[in-house]
Amino acid sequence: MGIIKDIKTSVGIYKRLREAGKEGKKLEVKTSVVIPLIKMGPGLLDTVEGCVIANASWSLFDLIDPIFSSLPYEDRHRLAFSPVNGEYADRALLWKALIKPVLPHGQYHKAMRLILNKYVRLKRREIDRKEDGTV
């Protein structure tokens, strides 16, 4: 059935090309392909927190990923950027609120320890850059 449709389409195109050529019109044949667009939005690996958790434990990452994916697009997009001065505490509280009700006690503490340690390293780097004058 698909080949018959292709043949009919080809014949129709050929007829239109011949008619246009007889009328003296300039002809140009272009090939185009329709590519579907899928808007994914930021994922957990687009965040500092997601990367540090994935680096430590994929099983822990797999537990947190559906929680992150359930957030509205705007919140996921906002979290895709590294925290800056003044945002660390708010982000830590946000992650606490997201994962504490869902994760078992030990895994919750492990995840928060990883996140907070990363925040400490980021803050130290921020302070060092200010002291060096590289900011």
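Residues numbered from 1 in each chain as written. Predicted model: local features only at pLDDT ≥ 70, side-chain atom pairs only at ≥ 80, totals over all residues. Heavy atoms only, no water.

## Description of the overall build of the chain
Definition in use: In DSSP terms, a helix is any run of H or I states spanning at least four residues, a strand is any run of E spanning at least two, and both are numbered starting from the N terminus. Based on C-alpha atoms, the radius of gyration is set beside the globule rule, defined as 2.2 Å times the residue count to the power 0.38. Exposure classes here rest on a 1.4 Å probe applied to the protein chains alone. A residue is buried below 20% of its type maximum, exposed above 50%, and partly exposed in between. Two residues form a contact once any of their heavy atoms are found within 4.5 Å. Only four residue types enter the tally: Lys and Arg on the positive side, Asp and Glu on the negative side; His and the chain ends are excluded. A single reference atom marks each charge: NZ on Lys, CZ on Arg, CG on Asp, CD on Glu.
The helix and strand tally for the chain stands at 6 helices and 0 strands. What you see in the chain, going N to C, is helices and strands ordered as α-α-α-α-α-α. Its C-alpha atoms give the chain a radius of gyration of 27 Å, clearly above 14 Å, the size a compact globule of 135 residues would have. A principal-axis box enclosing the C-alpha atoms of the chain has dimensions of 75 × 45 × 25 Å. The proportion of buried residues among the 135 residues of the chain is 26%. For the chain, contacts bridging at least 24 residues in sequence account for 59% of all contacts bridging at least 6. Within the chain, the 16 negative side-chain charges are centred at a point lying 6 Å from the centre of the 24 positive side-chain charges.

## Some details on the side chain of Glu49
Mapping Glu49 onto the fold places it in helix α2 (residues 48-56). Glu49 has contacts with Leu79, Arg91, Trp95, Ile115 and Tyr119, leaving out every residue within four places of it along the chain.

## Quick look at the confidence of the model for the chain
Our working definition: For every residue, the predictor reports its confidence as pLDDT, a number between 0 and 100.
On average, the chain scores 89 in pLDDT, and the residues at 70 or more come to 99%. Here helix α1 (residues 2-22) is the element of the chain with the lowest mean pLDDT, 84, and α2 is the one with the highest, 96.

## Brief notes about the environment of Ile35
Of note, Ile35 is situated in the loop between α1 and α2. In this structure the C-alpha to C-alpha distance between Ile35 and Ala20, which are 15 residues apart in sequence, comes to 29 Å.

## A short note on α2
Among all positions of α2, only Val48, Glu49, Gly50, Val52, Ile53 and Ala54 are buried. Packing partners of the buried residues in α2 comprise α3 (58-69), α4 (73-79), α5 (88-99) and α6 (105-132).

## Concerning α6
The line we're drawing: Helix span is expected to be 1.5 Å times the residue number reduced by one.
End to end, α6 covers 41 Å across 28 residues, agreeing with the expected 40 Å (1.5 Å per residue, within 8%). Its buried side turned inward, α6 meets α2, α3 and α5.

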